[in-house]
Amino acid sequence: MDIKQYDFELPEELIAQVPLENRSSSRLMVCNRRTNEIEHRHFSQITEYLNSGDCLVLNDTRVLPARLYGAKEDTGGKVEVLLLHQTEKDEWEVLVKPAKKVKVGTRIVFGEGQLTAECTELQEHGGRKVKFSYGGIFLEVLDSLGEMPLPPYIKEQLPDRERYQTVYAKEEGSAAAPTAGLHFTEDLLEELQAKGIEIAYLTLHVGLGTFRPVSVDNVEEHDMHAEFYQLNQQTADQLNEVRQRGGRIISVGTTSTRTLETIIRDHGTFTAASGWTDIFIYPPQTLKAIDGLITNFHLPKSTLIMLVSAFAGRDFILEAYRKAVEERYRFFSFGDAMFIT
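Given the structure is predicted, the values throughout are model-derived calculations rather than measurements. (Residues numbered from 1 in each chain as written. Predicted model: local features only at pLDDT ≥ 70, side-chain atom pairs only at ≥ 80, totals over all residues. Heavy atoms only, no water.)

### Remarks on the environment of Gln233
- You can see Gln233 is positioned in helix 3 (residues 233-244).
- In the structure, Gln233 is positioned 40 residues away from Ala273 in sequence and 8.2 Å away in space, judged by C-alpha atoms.
- Of the polar contacts made by the side chain of Gln233, one reaches the side chain of Asp237; its length is 2.9 Å. (Helix = DSSP H or I, 4+ residues; strand = E, 2+ residues; numbered from the N terminus. Polar contact = N/O pair within 3.5 Å; in protein donor to acceptor, adjacent residues only side chain to side chain.)

### Examining the pattern of salt bridges
- Summed over all chains, the structure comprises 19 salt bridges.
- Between Glu162 and Arg62 there is a salt bridge whose closest N-O contact spans 2.6 Å. In this pair, Glu162 sits in the loop between helix 1 (138-145) and strand 11 (171-174) while Arg62 sits in strand 4 (residues 61-63), placing the two residues 100 residues apart along the sequence.
- Relative accessible area serves as the criterion here: at 18%, Arg62 is assigned to the buried category.
- Two residues, Arg245 and Glu241, come together in a salt bridge whose shortest N-O distance is 2.4 Å. (Salt bridge = Lys/Arg side-chain N within 4 Å of Asp/Glu carboxyl O. Buried < 20%, exposed > 50% of the residue type's maximum accessible area, 1.4 Å probe, protein only.)

### Looking at helix 2 (residues 186-194)
- Restricting attention to buried positions, one finds in helix 2 the residues Leu188, Leu189 and Leu192. Axial view of helix 2: buried residues confined to an arc of 100°, hence all on one face. Exposed side of helix 2, more than 90 degrees from the buried face: Glu186, Asp187, Glu190 and Ala194 are the residues found there.
- Residues of helix 2 that are buried make contact with strand 3 (55-59) and strand 12 (198-204).
- Positive phi shows up at Gly196, right after helix 2, with a value of about 95°. (Arc of directions from axis to C-beta. Contact = heavy atoms within 4.5 Å.)

Here it is, written out as structure tokens:
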């Protein structure tokens, strides 16, 4: 399958640079994959499309302030470090810039010395393993020194870090936000629950690979990045019960979708599980875990637009994206939303 089948023209001015003042005031494109009908609404109207007994599945991961700026201890040369994931206590896989200046044994100092890192291993594509040293609690030190790792297509600064977190973010560990969830407010979640719509939580720590376009011409040759997920027994029981009584399972975001599809693939039913998933979903695969999907508008030629196409059909999704450009929807992390039913 040729990657060009998932390309589309996107004017740069449609890439949202800042979040809207009110999260739920973003636009909502409602796409019916059975009738191919498309409606243009606002996200606060999502309640009209959900029924009592449906279940929204939210990813409660929390983004770390994972971008650090420091200096080499010996020369003072500036170094940028981006945390990817923790391998064991105080040891992390990271990306560094400039990578050629950081070799095994290089020590990097951050702030006034509250945090230091020593490179312990070289990896591909600017990757390194480092061991951190600090006083106190690591997450508190990181919170004081780190910056939010906003996607590369966002050029504006973000004065309020919490706008790159969902209102229900809890489990620290992501290098990026599960952006479909950014549209929900606490009031909207309460309104949905009052209507009889259930809320279920899982965790998938989003990696930076989510932003990378596929670089190979043949989709099947793409090497998918792996991300850590966790689904507890309470959520597994809740989802099985929803399915047994005929309620719909609505996944909020591609991260929740990848987790649910991984578990159904591996266990055949919703089961408490955790681990690393590198599941790659693209047509003609079909999704077995979900009945609906709330998602943002994604990068051309990305694994995310392929996942959405597997759920709703490539032709229908590309037509929806064409209409989104025509109607001046806002794209990517701080952009508008799509509900596929």
